[in-house]
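# Understanding the architecture of this molecule
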Amino acid sequence: MNSIHNFSEIAPLKTVLMHRPGKEFANLTPNTLQRLLFDDIPDLPLAEKEHDAFAKAFRDEGVKVVYLTDLTAQALDTGPEVREQFLRQFIREGGCPASLEEKVYAYLNRLEDNRELISQCIAGIDSSELELDFHAFYTCQDAGKMILDPLPNVYAPRDPWATIGNTVSLHRMTSVTRCRETIFGEYIFRYHPEYKGTKLVYDRYAAHHIEGGDIQVLNAETVAVGISERTEPDAIADLARNLFRDPASSFRRVIAVLIPKSRSFMHLDTVMTRVDTDKFVVHSEVMSVASFYEITPGKEDLCIQEIHDSLDKVLEKYLGLEKVHLILCGNGNRIAAEREQWSDGANTICIRPGTVIAYDRNHITNDALRKAGIKVIEIPSCELSRGRGGPHCLTMALVRE
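Note that the coordinates shown come from a computational prediction; the quantities given were computed from them, not determined experimentally.

## Describing the pattern of salt bridges
Going through the model one piece at a time under the given rule, you end up with 30 salt bridges. Among the ionic pairs, arginine 20 bridges to aspartate 52, the shortest N-O distance being 2.8 Å. Placement of arginine 20 in the loop between β1 (13–18) and α1 (23–26) and of aspartate 52 in helix α2 (residues 44–60) is noted, with a sequence separation of 32 residues between them. Taking relative accessible area as the criterion, arginine 20 reaches 35% and is therefore assigned partly exposed. Across the salt bridge formed by glutamate 61 and arginine 352, the nearest N and O atoms sit 2.9 Å from each other. Here glutamate 61 is found in the loop between α2 and β2 (64–67), whereas its partner arginine 352 is found in strand β14 (residues 349–352), with 291 residues between them in sequence. Residue glutamate 61 is classed as partly exposed on the basis of its relative accessible area of 22%. Given a relative accessible area of 27%, arginine 352 falls into the partly exposed group. Several salt bridges converge on common partners, so that one network encompasses Glu93, Glu186, Arg190 and Arg204.

Structure representation (structure tokens):
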């Protein structure tokens, strides 16, 4: 089997990518929360315990867990020139002052172990960690900024790239603070012994923004992509063109789903994830506001048609099912739905049809899932949920049967 194989969000999961939170969480401050896309300061030791429980839940179900830090380090292990190139690129794209680039390079390059190096890159670099002259030190401290910002959102590897069939969509992220996350994917898919040569159907240097939380593979012919706060229509069109032009691709259509552009919705997987062959958990509000567009190959370019139908009817049509059951986040109660959707009640990760991992705090939604016949494996979520990422966000399926 290929190292990348994903033709359905519910096919039995074999290998999943994760990132265990590290010092980057400890480098969040009240002044940087908004810029770094967090709603509160997480407690690192507890977040680590929660994440370990999450990874254990996968392993207990026979799923292989691989870590972003390990894969990137293994890519750098392929040669000193690869490591050199990575460091220069990471420092440059991190917005490091030109006058400090060599100091930062020397500070990072002293770390001989590439896994330790990647962890430090993700954690960021504060001025207090370098030996600076008074002017440089004061300037950094006065600005209240780190020399290299931490990357706390990297614990949500769903967004920097997405696996589609046997290919990868490597993204141009919307927020500046997340752009460097895709560098890790660039080196994994270019240099890692197992993953190098993976075909890219989107590239981080493309003109338009797209994020993986908006991409859901419905089946071997259909991909759903959200038009959201963080994914642009032009990016979806470019992705569709690349999928259709690939002679090895089985995908024949992209369904674009227009959802409100707000932080509470954020991505398509924030309001909808598939939990079984014929079942989805959804935020009820999306059912009344979403609109749909079918994108297929045209004679000269793309053929785009609006779909005038409800969410369940659209899913039934393109999945070839007689009936799709929509399980409501919060079990349809307005207050419960708003509360649990905010903590990613509609964001689950499917291990196999009818078995999902969900946050324990969304107990009303989880009870509704169980009543619908879904096995729900609950994981602790007090700290993991503070970055507005659920189990689907915090994972990237690399291999599904």
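## Looking at the side chain of arginine 178
Structurally, the position occupied by arginine 178 is in the loop between β4 (167–170) and α8 (181–191). Look past the residues within four positions of arginine 178 in its chain and what remains in contact with it is Leu37, Asn153, Ala156, Asp159, Pro160, Met173 and Arg230.

## Details of the sheet that holds strand β10 (residues 279–282)
Pairing in this open sheet of three strands is mixed, and the strands run β9-β10-β13 from one edge to the other. Looking at which strands have only one partner, the edges of the open sheet turn out to be β9 (272–276) and β13 (325–328). On average, each strand axis in the sheet is inclined to that of its neighbour by 30°, with strand direction left out of account. One ladder, built from four bridges, connects β9 with β10; its direction is antiparallel. Directly across from arginine 274, in β10, lies its bridge partner phenylalanine 280. Along the sheet, helix α14 (residues 363–371) makes contact with β9, β10 and β13, crossing β13 at roughly 150°.

## Some points on the packing of aromatic side chains
Here a ring pair, both rings aromatic, is described through the centre-centre distance and the interplanar angle of the planes. Throughout the structure, instances matching the rule amount to twelve aromatic pairs. Between phenylalanine 90 and phenylalanine 184, the aromatic rings sit 5.9 Å apart at their centres with planes inclined by 35°, giving tilted as the arrangement. Of the two residues, phenylalanine 90 is situated in helix α4 (residues 80–93) and phenylalanine 184 in helix α8; the sequence distance between them amounts to 94 residues. Pair check on accessibility: phenylalanine 90 and phenylalanine 184 agree, each one buried. Ring centres of tryptophan 161 and phenylalanine 189 lie 5.5 Å apart, and the angle between their planes is 85°; on these two criteria the pair is classed as edge-to-face. One end of the pair, tryptophan 161, is in strand β3 (residues 161–164); the other, phenylalanine 189, is in helix α8, with 28 residues separating them in the sequence. What makes tryptophan 161 buried here is its relative accessible area of 2%. In textbook terms, an aromatic cluster arises when at least three aromatic residues are bridged by ring pairs, as seen for Phe86, Phe90, Phe184, Tyr187 and Tyr191. Above the face of the tyrosine 105 ring, arginine 88 is positioned so that its terminal group lies 3.8 Å from the ring centre. The ring of tyrosine 205 is capped by arginine 204, whose NZ or CZ atom sits 5.0 Å from the centre of that ring.

Quick notes on the rules
- Residues numbered from 1 in each chain as written.
- Predicted model: local features only at pLDDT ≥ 70, side-chain atom pairs only at ≥ 80, totals over all residues.
- Heavy atoms only, no water.
- Salt bridge = Lys/Arg side-chain N within 4 Å of Asp/Glu carboxyl O.
- Helix = DSSP H or I, 4+ residues; strand = E, 2+ residues; numbered from the N terminus.
- Buried < 20%, exposed > 50% of the residue type's maximum accessible area, 1.4 Å probe, protein only.
- Contact = heavy atoms within 4.5 Å.
- Pairing = 2+ DSSP bridges.
- Axes fitted to C-alpha atoms, helices over the stretch in contact; angles between N-to-C directions.
- Phe/Tyr/Trp six-rings, centres within 6.5 Å; stacked < 30°, edge-to-face > 60°.
- Lys NZ or Arg CZ within 6 Å of the ring centre and 35° of its normal.

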